[in-house]
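What the coordinates show
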Number of protein chains: 2
Amino acid sequence: MNELSPIRDPRANRAEEQRRRILDAAIRCFARGGFHATGMQAVCAEAGMSPGALYRYFPSKEAIIEAIVERDRADIPAQLEPLLHAENVVDALIASARAFLVGNLRPESLPMFLELSAEAARNEAVRGIVMRCDEEVGDIVARAVQRGMAMGQIDPTLDAREATRFLMALTDGVLTRLLLEPAAELEGLMPMYERSVRRFLAPEPAPAAEAAR
Amino acid sequence: MNELSPIRDPRANRAEEQRRRILDAAIRCFARGGFHATGMQAVCAEAGMSPGALYRYFPSKEAIIEAIVERDRADIPAQLEPLLHAENVVDALIASARAFLVGNLRPESLPMFLELSAEAARNEAVRGIVMRCDEEVGDIVARAVQRGMAMGQIDPTLDAREATRFLMALTDGVLTRLLLEPAAELEGLMPMYERSVRRFLAPEPAPAAEAAR
């Protein structure tokens with residue numbers, strides 16, 4: 001019995017455990033061989049389950065990928081929540097980007113981000129899964145950007161949608177570099193990221209000549 | 001006979017043509033199935049060549065990937081050259097980033113960028129190939145950043161190496177987004193990119209209070 005869900009059907013617990021076991025096995029397989037090259041049989045072998053048992057939980061490889069992305073993004077709303085209440089939106093954007101980067105630098109999720117992107121370029125179903133998650137994040141970030149504009153913290157002449165897209169590109173780019181370049185470190189890149197985001201979002205300063213008059 | 005190489009061994013021409021044919025076939029295979037899942041046999045079939053003929057040109061899949069990256073980066077020094085001579089280094093950095101983005105948005109190289117990144121996270125040999133190219137670009141960009149600092153166009157208090165790493169992360173992030181998000185367009189993201197790079201690199205303005213004294 002667990003504090004968060006005191007009344008729990010033991011069969012539901014068992015099913016959840018089996019699903020987790022399959023997803024963890026699939027992540028190990030995908031990390032080794034990529035999505036495309038990994039068959040359901042390899043996932044069965046890694047999970048130590050028969051195909052019959054596995055197919056009861058996941059009818060296809062896409063269903064497994066979808067469940068992995070869903071599980072991954074379960075934390076996202078909680079991570080992004082502060083954006084919609086923070087007194088300083090820019091500080092909150094930087095803090096949530098740091099949480100995203102730190103979360104994705106765990107060794108077990110390291111290759112998943114790049115693998116998902118590569119597979120999304122090739123497989124419509126996977127692209128749909130990745131883009132649904134991406135849109136959800138984008139909607140929250142865009143609302144935060146608009147809040148920051150209304151509060152005078154973010155340049156109101158920016159296009160909120162394009163600025164959001166750019167902030168997401170920036171964060172993904174930093175993550176890719178941290179994953180690929182051995183010399184790149186979060187503590188080296190974060191000050192650059194922070195300087196860039198602050199300056200990018202800052203309202204145009206009043207021209208000196210104007211201010212002096 | 002061709003104007004650029006008037007004296008040319010016909011056998012050398014033939015070998016170059018065969019190499020090109022193999023690389024083009026390999027790119028099509030990789031785009032469909034990824035590096036990892038694509039065997040040399042599939043490349044042979046796509047190129048319409050026997051394994052014996054193909055292995056004469058490329059002893060392994062890694063050799064093919066290396067040749068593709070080499071061919072891709074043949075244009076890079078010419079693209080980056082202006083950075084080391086431009087009167088305005090920041091303008092030149094933005095122009096070369098645009099050239100890089102436009103070059104990688106050609107449909108035939110579309111999935112290669114993401115695929116290379118995903119495979120680099122998994123395969124030491126591929127990571128080495130990608131990183132060698134990356135270092136070459138990084139060295140030129142870092143020299144340009146230092147030039148811009150010396151010319152008073154770039155904040156001299158920045159760490160040139162970290163700033164370079166960040167500019168490369170930014171550019172890769174924009175490319176990834178252009179490749180993956182259907183609604184993202186170069187003409188929408190470029191103004192964001194440009195604003196970000198200009199503001200990121202700009203020297204700290206003299207504080208208004210100081211300037212007024």
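Residues numbered from 1 in each chain as written. Chains lettered and ligands numbered in written order. Predicted model: local features only at pLDDT ≥ 70, side-chain atom pairs only at ≥ 80, totals over all residues. Heavy atoms only, no water.

- If you look chain A up in an unreviewed UniProt entry, it shows as TetR/AcrR family transcriptional regulator from Chenggangzhangella methanolivorans.

Quick notes on the overall build of chain A
- Across its full length, chain A holds 11 helices and 0 strands.
- Listed N to C, the secondary structure of chain A is α-α-α-α-α-α-α-α-α-α-α in terms of helices and strands.
- Dimensions of chain A, computed from C-alpha atoms along their principal axes, come out at roughly 80 × 40 × 30 Å.
- Put simply, of all contacts in chain A between residues at least 6 apart along the chain, 67% involve residues at least 24 apart.
- Summing over all exposed atoms, chain A offers an accessible surface of approximately 10,600 Å²; the carbon and sulfur share of this is 55%. (Helix = DSSP H or I, 4+ residues; strand = E, 2+ residues; numbered from the N terminus. Contact = heavy atoms within 4.5 Å. Areas by Shrake-Rupley, 256 points an atom, 1.4 Å probe, with all protein chains shown as cover.)

Some remarks on empty space enclosed by the protein
- Under the defined criterion, the tally for this structure stands at 3 cavities of 30 Å³ or more.
- Looking at the largest cavity, its volume works out to about 80 Å³.
- As for the largest cavity, its lining consists of 18 residues, of which G34 and E115 of chain A together with G34, E115 and R122 of chain B are closest to the centre.
- Broken down by secondary-structure element, the contributors of at least two residues to the lining of the largest cavity are α1 (10–37) and α7 (110–120) of chain A together with α1 (10–37) and α7 (110–120) of chain B.
- Partitioning the lining of the largest cavity into residue classes produces 6 nonpolar, 6 polar and 6 charged. (1 Å grid on protein atoms, 1.4 Å probe; cavity = no way out; pocket = protein on both sides within 12 Å on 5 of 7 lines; lining within 4 Å. Points joined across faces, edges and corners; volume = space filled by probe spheres on them. Nonpolar A, V, L, I, M, F, W, Y, C, P; charged D, E, K, R; others polar.)

Some remarks on the packing of α1 of chain A against helix α2 (residues 40–47) of chain A
All names here are of chain A.
- Their axes nearest at 8 Å, the elements α1 and α2 cross at an angle of 120°. Regarding the angle of α1 to α2, the classification is oblique. Crossing geometry of α1 relative to α2 is assigned as right-handed. In this structure, α1 contributes R21, I22, A25, A26, R28, C29 and R32 to the contact, and α2 contributes A42, V43, E46 and A47.
- Among the residues forming the contact of α1 with α2, the class breakdown is 7 nonpolar, no polar and 4 charged. (Axes fitted to C-alpha atoms, helices over the stretch in contact; angles between N-to-C directions. Parallel < 35°, antiparallel > 145°, perpendicular 65-115°, else oblique. Left-handed = near helix turned anticlockwise from the far one by under 90°.)

Some remarks on the relation of the copies chain A and chain B
- Mapping chain A onto chain B leaves a residual RMSD of 0.0 Å; the transformation is a rotation of 180° accompanied by 0.0 Å of translation along its axis. The operation mapping one copy onto its partner corresponds to a two-fold rotation axis. Taking the C-alpha atom as reference, chain A places G173 of chain A closest to the rotation axis, 1.8 Å from it.
- Interface residue correspondence from chain A to chain B reaches 100%, placing this contact among same-surface, isologous pairings. (Least-squares fit on C-alpha atoms with pLDDT ≥ 70 in both.)

Topic: helix α8 (residues 124–150) of chain A
- Spanning 27 residues, α8 of chain A covers 38 Å between terminal C-alpha atoms, matching the ideal 39 Å at 1.5 Å per step.
- A positive phi of about 80° marks G152 of chain A, the residue just after α8 of chain A. (Expected span 1.5 Å × (residues − 1).)

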